[in-house]
Amino acid sequence: MKFLAVIASLAATCLAQGITIQTSTNGTVYPGQNFTVEVTKPARAFLLVEATPSVEVAIVIGLVQCPDQNCNSSGFNISQDIGYTLYYGPYNPQYDSIVPPDHKPPYQNFTVQVPTQFGSGDEVALSVTRLALAEMAAGSSIWLEIPWVPLTVQ
Ligand SMILES: *[C@@H]1O[C@H](CO)[C@@H](O)[C@H](O)[C@H]1NC(C)=O
Ligand SMILES: *[C@@H]1O[C@H](CO)[C@@H](O)[C@H](O)[C@H]1NC(C)=O
Ligand SMILES: *[C@@H]1O[C@H](CO)[C@@H](O)[C@H](O)[C@H]1NC(C)=O
Ligand SMILES: *[C@@H]1O[C@H](CO)[C@@H](O)[C@H](O)[C@H]1NC(C)=O
Ligand SMILES: *[C@@H]1O[C@H](CO)[C@@H](O)[C@H](O)[C@H]1NC(C)=O
């Protein structure tokens, strides 16, 4: 039984929570800057498998100023306010066609622009709201997640 429990916990660590966000920035952006948001979906080939297969419906990319210039503030709740909408629409992650293969999970790049309303020193949260359908034997259920990463406006 102990053995099974260890296997189960190892398996659990391989089940990714959902999409991940990377940007072409070093964590600092300026108003008006165009940058790439790379949204990656876990894939079976990488042992980063979602608990159930999913069908992508849409994503929304937002940028919001964090309260108290601190995205760790207890007053900050991304699900209440994603701020400026930088992109909304389909999400269609694909393996890239790089030769030789670079062994990346499927992803899609979005080019977005930092709104000029932000000011120097602002701490902002770049979020990707993902709406998907988790496909289970009994039917589909809604999968909604809002991962985000902090950025600093210079
Ligand atoms: C997607 O964006 C990342 C980060 O900027 C970059 O490394 C990668 O080459 C881009 N992929 C494509 C297909 O443009
Ligand atoms: C990021 O790069 C910009 C200029 O390219 C620089 O001013 C800034 O200090 C860098 N930020 C970090 C966190 O390295
Ligand atoms: C960002 O992209 C927009 C639309 O493509 C373009 O008009 C603008 O000049 C770009 N801004 C910068 C700073 O490159
Ligand atoms: C916010 O929390 C993260 C992770 O705990 C930490 O790395 C980061 O330095 C914190 N940022 C601020 C502004 O406190
Ligand atoms: C954030 O807001 C959502 C929606 O209003 C709520 O369900 C959730 O409990 C809040 N989370 C925290 C940590 O307050």
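Look up: the structure comes first, before these words.
Now for a quick tour of the structure. Please read all numbers here as calculations on a predicted model, not as lab measurements. (Residues numbered from 1 in each chain as written. Chains lettered and ligands numbered in written order. Predicted model: local features only at pLDDT ≥ 70, side-chain atom pairs only at ≥ 80, totals over all residues.)

Looking at the overall build of the protein chain
Line of reasoning, step 1. Secondary structure assignment for the protein chain yields one helix and nine strands.
Line of reasoning, step 2. Ordered by position in the sequence, the α and β elements of the protein chain form the string α-β-β-β-β-β-β-β-β-β.
Line of reasoning, step 3. Evaluated residue by residue, the protein chain yields a buried proportion of 19% over its 154 residues.
Line of reasoning, step 4. Across the protein chain, contacts joining residues at least 24 apart in sequence account for 70% of those joining residues at least 6 apart. (Helix = DSSP H or I, 4+ residues; strand = E, 2+ residues; numbered from the N terminus. Buried ≥ 20, exposed ≤ 12 C-beta atoms within 10 Å, placed from the backbone. Contact = placed C-beta atoms within 7 Å.)

Brief notes about the nonpolar core
Line of reasoning, step 1. With 23 residues, the main nonpolar core has Val39, Ile61, Leu63, Val124, Ala125 and Leu126 as its most contacted residues.
Line of reasoning, step 2. Contributing elements (two or more residues each) for this core: strand S3 (34-40), strand S4 (54-65), strand S7 (123-136) and strand S9 (148-153).
Line of reasoning, step 3. When near neighbours in sequence (up to four residues on either side) are disregarded, leucine 126 contacts Ile21, Thr23, Val37, Leu63, Trp148, Val149 and Leu151. (Core = buried A, V, L, I, M, F, W, Y, C linked by C-beta atoms within 7 Å.)

Details of the sheet that holds S3
Strand pairing in a sheet relies on backbone hydrogen bonds, with the paired strands running either antiparallel or parallel.
Line of reasoning, step 1. Pairing is antiparallel in the open sheet, where three strands are placed in the order S1-S3-S6. Edge positions in the sheet fall to strand S1 (20-23) and strand S6 (107-113), since each of these pairs with one other strand and no more. Strand-to-strand twist across the sheet, computed as the mean angle between neighbouring axes with direction ignored, equals 25°. (Pairing = 2+ DSSP bridges. Axes fitted to C-alpha atoms, helices over the stretch in contact; angles between N-to-C directions.)

Points about the environment of threonine 152
Line of reasoning, step 1. Locating threonine 152 in the fold gives a position in strand S9.
Line of reasoning, step 2. With 16 C-beta atoms packed within 10 Å, threonine 152 lands in the partly exposed category.
Line of reasoning, step 3. When sequence neighbours within four positions are dropped, the list of residues in contact with threonine 152 reads Gly27, Thr28 and Glu123.

Observations concerning the pairing of S7
Line of reasoning, step 1. Examined bridge by bridge, S4 and S7 share eleven bridges and lie antiparallel to one another. Each bridged residue has a counterpart across the sheet, and for valine 55 the counterpart in S7 is leucine 133.
Line of reasoning, step 2. Bridge count for S7 against S9 is five bridges, and the pairing is antiparallel. Residue alanine 125 lies in a different strand from S9, and its bridge partner there is proline 150.
Line of reasoning, step 3. As paired elements, S7 and strand S8 (residues 139-145) share seven bridges and run antiparallel to each other. By the bridge assignment for S8, leucine 131 is matched with leucine 144.
Line of reasoning, step 4. The hairpin formed by S7 and S8 contains two residues between the paired strands.

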